[in-house]
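Each chain is listed here by its residues.
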Amino acid sequence: WTGIRKRQIMCRTEKTGNSSLTGVSYMEKYDGETLIWSVSIPEFNIQGYSEISDGVLAYGATSTMSSLQNTYAWLAKFDENGTLAWKIMMNHGFDDEYIAAVLENADGSYAVISRGDYNYFCLSQYSAEGKETHFKKTEAGCNGESLLLFLFREKAVALLKKHIEQKMAFPVRWSCPL
């Protein structure tokens with residue numbers, strides 16, 4: 001199999017005599033069964049990725065041990081050789097934010113579809129250099145419809161493609177694994 005894979009490894013760490021679990025995520029590129037490169041990402045657990053024109057965007061969320069801890073969405077860009085170009089923690093004022101999909105736009109920027117605090121549907125725009133250029137949140141409510149929309153993000157992304165193109169006036173190139 002040729003392409004990108006993600007891998008989660010659970011590591012046990014010791015903190016002043018107490019044992020706890022922390023996650024380490026890896027992005028790996030293979031040519032057939034041959035590993036080309038592997039990069040660890042200790043800041044967040046990878047929940048998905050998008051292959052883009054000049055590399056790969058990994059996205060996920062901070063690992064938490066309690067529902068009292070905030071869960072931040074993260075986005076990291078790696079070039080074709082696995083070198084980190086940039087990494088950002090999204091902070092839009094939510095206690096919990098999760099990324100559903102990342103789309104590469106024709107101009108090289110990225111549209112990020114996320115959910116905040118189970119109540120908000122969010123659309124962010126990031127430059128090729130990882131700078132946020134736009135953020136919009138829409139209250140969706142914490143109900144079955146919004147949860148289904150998030151869980152079935154493939155259909156949500158397909159439905160939103162036209163909306164994104166119409167509102168932002170540029171075409172979206174599909175680069176997320178749907």
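Throughout what follows, the structure given in this document is the object of discussion. Everything numeric here is computed off the predicted structure, so don't read it as measured data.

Observations regarding the sheet that holds strand β5 (residues 55–61)
The strands that make up a sheet are held in pairs by hydrogen bonds between backbone atoms, and each pair lies either parallel or antiparallel.
Phase 1 of the analysis: Ordered by their spatial adjacency, four strands build an open sheet running β4-β5-β6-β7, and the pairing between neighbours is antiparallel. On the outer flanks of this sheet lie β4 (45–52) and β7 (84–89), each paired with one strand and no other. For this sheet the average axis-to-axis angle between neighbouring strands, irrespective of direction, equals 15°.

Points about the pattern of salt bridges
Phase 1 of the analysis: Enumeration over the complete set of coordinates arrives at two salt bridges.
Phase 2 of the analysis: Glu43 is the salt-bridge partner of Lys87, the closest N and O atoms lying 2.9 Å from each other. Of this pair, Lys87 sits in strand β7 while Glu43 is found in the loop between β3 (34–41) and β4, placing the two residues 44 residues apart along the sequence.
Phase 3 of the analysis: Here Lys87 falls in the partly exposed class, since its relative accessible area comes to 31%.
Phase 4 of the analysis: In this structure Glu43 comes out as partly exposed when scored by relative accessible area, which is 32%.
Phase 5 of the analysis: The residue Lys77 makes a salt bridge to Asp54 at a minimum N-O spacing of 3.1 Å. Here Lys77 is found in strand β6 (residues 73–79), whereas its partner Asp54 is found in the loop between β4 and β5, with 23 residues between them in sequence.

Remarks on the pairing of β7
Phase 1 of the analysis: Pairing analysis gives five bridges linking β6 to β7, with the strands arranged antiparallel. Bridge pairing in β7 links Lys77 to Trp86.
Phase 2 of the analysis: Connecting the antiparallel pair β6 and β7 is a turn made up of four residues, with Gly82 showing a positive phi of about 85°.

So, the environment of Leu103
Phase 1 of the analysis: For Leu103, the location among the structural elements is in strand β8 (residues 97–105).
Phase 2 of the analysis: Placed 54 residues apart in sequence, Leu103 and Tyr49 show a C-alpha to C-alpha distance of 10.0 Å.

Focus on the environment of Gly130
Phase 1 of the analysis: Among the secondary structure elements, Gly130 is positioned in the loop between β10 (120–126) and β11 (132–139).
Phase 2 of the analysis: Accessibility expressed as a relative area gives 9% for Gly130, which makes it buried.
Phase 3 of the analysis: Taking the C-alpha atoms as reference points, Gly130 and Leu75, 55 residues apart in sequence, are found 8.6 Å from one another.
Phase 4 of the analysis: Not counting residues up to four positions away in its chain, the partners in contact with Gly130 are Trp86 and Ile88.

Reading the values: the criteria
Residues numbered from 1 in each chain as written. Predicted model: local features only at pLDDT ≥ 70, side-chain atom pairs only at ≥ 80, totals over all residues. Heavy atoms only, no water. Pairing = 2+ DSSP bridges. Helix = DSSP H or I, 4+ residues; strand = E, 2+ residues; numbered from the N terminus. Axes fitted to C-alpha atoms, helices over the stretch in contact; angles between N-to-C directions. Salt bridge = Lys/Arg side-chain N within 4 Å of Asp/Glu carboxyl O. Buried < 20%, exposed > 50% of the residue type's maximum accessible area, 1.4 Å probe, protein only. Contact = heavy atoms within 4.5 Å.

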